[in-house]
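Understanding the architecture of this molecule
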Amino acid sequence: MLKRKFYKSSIPALMTMGLMSLSSPASAQQVDWSLDEQPQIYNQDVEQQVQELLATMTIEQKVAQMIQPEIGYLSVEQMRKYGFGSYLNGGNTAPYGMKQADRNTWLRYADEMYEASIDDAQDGSSIPTLWGTDAMHGHSNVFGATLFPHNIGLGAARNPELVKKIGEATAKEVAATGIEWSFSPTVAVARDDRWGRAYESYSEDPEIVRQYAAAVVEGIQGAVGEGFLKDHHRIATAKHFIGDGGTTRGIDRGDTRVDESTLREIHGAGYVSALEAGVQSVMASFNSWNGTRVHGHNYLLTDVLKEQMEFDGFVISDWNAHKFVDGCDLEQCAAAINAGIDVLMAPEHFEALYHNTVAQVKSGVIPQARIDDAVTRILRVKVRWGLFDRDKPSRRPETQHAEWFNAKQHRELAAQAVRESLVLLKNNDQVLPLSPKANILVAGQGANTIAMQAGGWSVSWQGTDNTNADFPNATSIYRGIEQQVVAAGGTVTLSETGEFDTRPDAAIVVFGEQPYAEWFGDIQSLDFGQVDSESYALLKRLSDQGIPTVSVFLSGRPLWVNKELNVSDAFVAAWLPGSEGQGVADVILRDANGAIQHDFTGKLSFSWPKFDDQFTLNRYDNDYDPLFPYGYGLTYQDNQHVDTLHEEKRLKDSQSAEPGSVPLFVRNLADGWYWGFAEANGNLSPIVGPSGANADEHSVTMQSVNLAYQEDGRRFVWHEAESGVAAILASEDPIESFAHRDARFLQATVRFSDNLSGPVSVGVLCHEKQCSNEVQLSESTPELKRGDWNTLAIEAGCENNEVSQGASIMLSVSSPAKTSLSIADVALVSEPSEQALTVSCN
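Basis of the calculations
Residues numbered from 1 in each chain as written. Predicted model: local features only at pLDDT ≥ 70, side-chain atom pairs only at ≥ 80, totals over all residues. Heavy atoms only, no water. Pairing = 2+ DSSP bridges. Helix = DSSP H or I, 4+ residues; strand = E, 2+ residues; numbered from the N terminus. Axes fitted to C-alpha atoms, helices over the stretch in contact; angles between N-to-C directions. 1 Å grid on protein atoms, 1.4 Å probe; cavity = no way out; pocket = protein on both sides within 12 Å on 5 of 7 lines; lining within 4 Å. Points joined across faces, edges and corners; volume = space filled by probe spheres on them. Disulfide = S-S within 2.5 Å. Buried < 20%, exposed > 50% of the residue type's maximum accessible area, 1.4 Å probe, protein only. Core = buried A, V, L, I, M, F, W, Y, C linked by side-chain atoms within 4.5 Å. Contact = heavy atoms within 4.5 Å. Parallel < 35°, antiparallel > 145°, perpendicular 65-115°, else oblique. Left-handed = near helix turned anticlockwise from the far one by under 90°. Nonpolar A, V, L, I, M, F, W, Y, C, P; charged D, E, K, R; others polar. Polar contact = N/O pair within 3.5 Å; in protein donor to acceptor, adjacent residues only side chain to side chain.

Further remarks concern the sheet that holds strand E20 (residues 673-678). Sheet strands associate in pairs through backbone hydrogen bonding, adopting either a parallel or an antiparallel arrangement. Ordered by their spatial adjacency, 6 strands build an open sheet running E21-E20-E25-E30-E27-E28, and the pairing between neighbours is antiparallel. Lying at the two open borders of the sheet, with one neighbouring strand each, are strand E21 (684-686) and strand E28 (770-777). Direction aside, neighbouring strands of the sheet carry axes that sit 25° apart on average. Summarising the sheet, strand E27 (residues 760-767) and strand E30 (residues 809-814) pair through 5 bridges and their orientation is antiparallel.

In structure tokens:
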């Protein structure tokens, strides 16, 4: 297939030209999203079969094909009743609630759901269902599976053929458990290392992502014309479309504010090659693009993906992501379907969503043609994969190969991937490779903790509840070292804290990040020492004793580790290597005869920060100043000395509490406080939960948004002008007097919509529609940056006795126009921040 040749030449131009001009669909027509070459997978017989099936289906049967429940909530009887088109297991769920379920148990569950789906006694449909799973780095949710390095490590390997083999090996292990569909590969281009999903990205640079996306898709599905979707090959998913790696401040599910050219050239790179390779499903992204949720973005999902890029597979939503679209909630979302979502991943509320969607189709809110298009796409993929011609999962030819699951060849492939992913950042005085005949101390939290080397998306979603017993076929980094040292006649001692009786010839310290996934991994500082000071203390203690010390750093992203580098003679970025920890020993140890076993070949696919505030440090940046640049990686032939590094932090500690600060809504509501609405008639309507609407259920709505953490903000939308409804943050009890308080200012972070069409009134300490202090903001307010987060501070201790007595509303926002406002980090402070737009009493 032809590959687009635009990345190296176009990205520098984007960095200097287009990033500051955010586009709208009106200007978007200038950007060409078409592929150089479409995959040759059209088949008239397939299309005829799909249309014949579609012609026999009722609205209810069609909608059922579009709903995807999760096995933790779905029963076999519900599958039999509705005939859902697909179902999934989430990162924390296994069949029958058995975390350590074996292969046969997964197969038994697959059979039960398959048989229920083709039972037409209740729903009149015999269309088989599909099972989807997050096979993120191997069949990673299944007990005992082979776990390959996470994507960030594979990116350092610079080996598309390797990742293609990994895709095929993963497909075989998925096939062995009877599952048809893999939610991979992730083709995000992570641009901010604070993002909690950075390790799911192959690189900060789209060039590697473009190469790898096609390779993994071909590994999972088979190459077009060469066993495509046959035998052990599974259905692949390119995700998350689009811009998930480019959100402001690296906030998971946040807002990616770039122009359309940048969106295509950087964040679209993996989709171009994945579609050219024939990927059959695309998962939409939680994030917004310039303020609009992708799940409700008709231009991106339909005009771009389905029409310009000519994608003829189906688009699936992410986990409950439809609820964030304007006008939607967990149980209904016509807007997402109309925008182009074909399958709604609705883990728990699938029955209500099904019934409401059927009703919306019958009432015309969702056009019949949109439903027919969605179901056509779903059936097309099912027919292409041969689902109607295959027996139940346990009787399929591919499931007869029990030896595929955690196969010896797969473990060897994973060990190779570990070796190729390691990046040598420092090797002063050629400390590495070590002799296995030496007396070696192995220390650090990660040395014998497989959960740390596996990371998130490993047996469980976050990976934090795992022990070594959850990885029965895995080898820890220490065990890999031990095997080789003992075999060579050397001595090895394991001590997490670095204690020893006999002075070692060398020490290997394995340390790094604890497991995390998605927004739980979002951070606000790259300073590793801020979360782990013990590892530095251990390294320094060994270094002070003159013991040659090798650091093996486990992480899902580059972090600022200057202090740790300074007390290490050698430093290896090992990323998250997965189940085959012996791959580390293969590289850092010589063989028994003193020869190098494997040299370092890994090269950074992410730039390594020189300073603790270099969050967005990417190749081709105008101010590019890394400690170790993109592409850096030493070998044993290099005699490069890394000098002592500066250890001064430039970033102020964001965790330190402001003196005199009283949080009211900082990540969560303080006790006794609630969001709600002051209705036009004066009644107060509290909202329970992260979303809701005022009393008439349509004039003003509230939804959760992200500032620095998952759902740490609220977005209010005035859908009607002159509604007379105010959004409020209120106390359950009357607010005490402010006359003698130190914290006299109400400070909040606010974001006004790009199309602010009328004034917005923001008041504090309010009672019966009068406020102690109030400010009107409009598009002409010079300090206001529309579309961006602004800090606003309003003095609340103003002399107004009529209002102060009996006031329960601390913050009130209203507008006579159709507009929107997002609010986060609401607190009472003694002094406003320097960047705040401050409104004092006078």
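What follows is about empty space enclosed by the protein. Here the structure, examined in full by the defined rule, presents 9 cavities of 30 Å³ or more. Around the largest cavity, the lining is made up of 20 residues, and of these Ala135, Met136, His137, Asn151 and Tyr202 lie nearest the centre. Going through the elements one at a time, helix H7 (151-157), helix H8 (160-176) and helix H9 (206-221) are the ones with two or more residues in the lining of the largest cavity. Sort the elements by how many residues they give to the lining of the largest cavity and H8 lands first, with 4 residues.

For the structure on display, the rule yields 2 disulfides. Disulfide pairing is shown between Cys328 and Cys333; the S-S distance is 2.1 Å. Between Cys328 and Cys333 the disulfide shows an S-S torsion of about 70°. By sign, it is right-handed. The pair Cys328 / Cys333 is uniform in exposure class, with both members buried. Between the sulfur of Cys766 and that of Cys771 lies a disulfide, 2.1 Å long from S to S. An S-S torsion of about 100° defines the bridge between Cys766 and Cys771 as right-handed. With respect to class, Cys766 is no different from Cys771; both count as buried.

This part takes up the environment of Gly85. Of note, Gly85 is situated in the loop between helix H5 (76-82) and strand E2 (86-89). A C-alpha to C-alpha distance of 22 Å links Gly85 and Val365, two positions 280 residues apart in sequence.

For the bond running from Ser184 to Pro185, omega is 15°, close enough to zero to count as cis. Looking at the secondary structure, you find Pro185 in the loop between strand E4 (181-182) and H9. Residue His240 is reached from Lys239 by a cis peptide bond, and omega for that bond is -5°. With respect to the secondary-structure elements, His240 resides in strand E5 (residues 237-241). In this structure, Asn290 takes a positive phi of about 50° despite not being glycine. Considering the arrangement of structural elements, one finds Asn290 in the loop between strand E8 (288-289) and strand E9 (292-293).

Moving on, we come to the nonpolar core. Grouped together as the largest cluster of nonpolar side chains are 120 residues, with contacts concentrated most on Phe84, Tyr87, Phe241, Leu300 and Met309. Here this core gets 9 residues from one element, more than from any other, and that element is H9. Excluding residues within four positions of it along the chain, Met309 makes contact with Trp33, Leu35, Gln38, Tyr271, Val272, Leu275 and Val304. Core analysis: the next-biggest nonpolar cluster, separate from the first, contains 78 residues, Val423, Leu526, Phe628 and Tyr636 among them.

Another point: the packing of H9 against helix H11 (residues 269-276). In a packed pair of helices, the relevant descriptors are the angle between the two axes and the axis-to-axis distance. Interaxial distance between H9 and H11 falls to 7 Å at its minimum, and their mutual angle equals 25°. Between H9 and H11, the angle falls in the class roughly parallel. Here H9 runs over H11; the crossing is right-handed. For the pair H9 and H11, the contacting residues are Pro206, Val209, Arg210, Ala213, Ala214 and Val217 in the first and Ala269, Gly270, Ser273 and Ala274 in the second. Within the contact of H9 with H11, the residues separate by chemical class into 7 nonpolar, 2 polar and 1 charged.

For Tyr73, the location among the structural elements is in the loop between strand E1 (67-68) and H5. Using a relative accessible area of 40% as the deciding quantity, one classes Tyr73 as partly exposed. Linking Tyr73 and His355, residues 282 residues apart in sequence, is a C-alpha distance of 17 Å.

What follows covers the sheet that holds strand E10 (residues 314-316). Strand order in the open sheet formed by 3 strands is E5-E7-E10, and the pairing between neighbours is parallel. Each edge of the sheet is formed by a strand with only one pairing partner; in this case those strands are E5 and E10. The sheet shows a mean angle of 30° between the axes of neighbouring strands, direction not considered. Looking at chain direction, strand E7 (residues 281-284) and E10 are connected through 3 bridges and run parallel. Counterpart to Met283 in the pairing with E10 is Ile316.

Tracing the backbone shows Ser685 in strand E21. Separated by 2.8 Å, the side chains of Ser685 and Glu679 make a polar contact.

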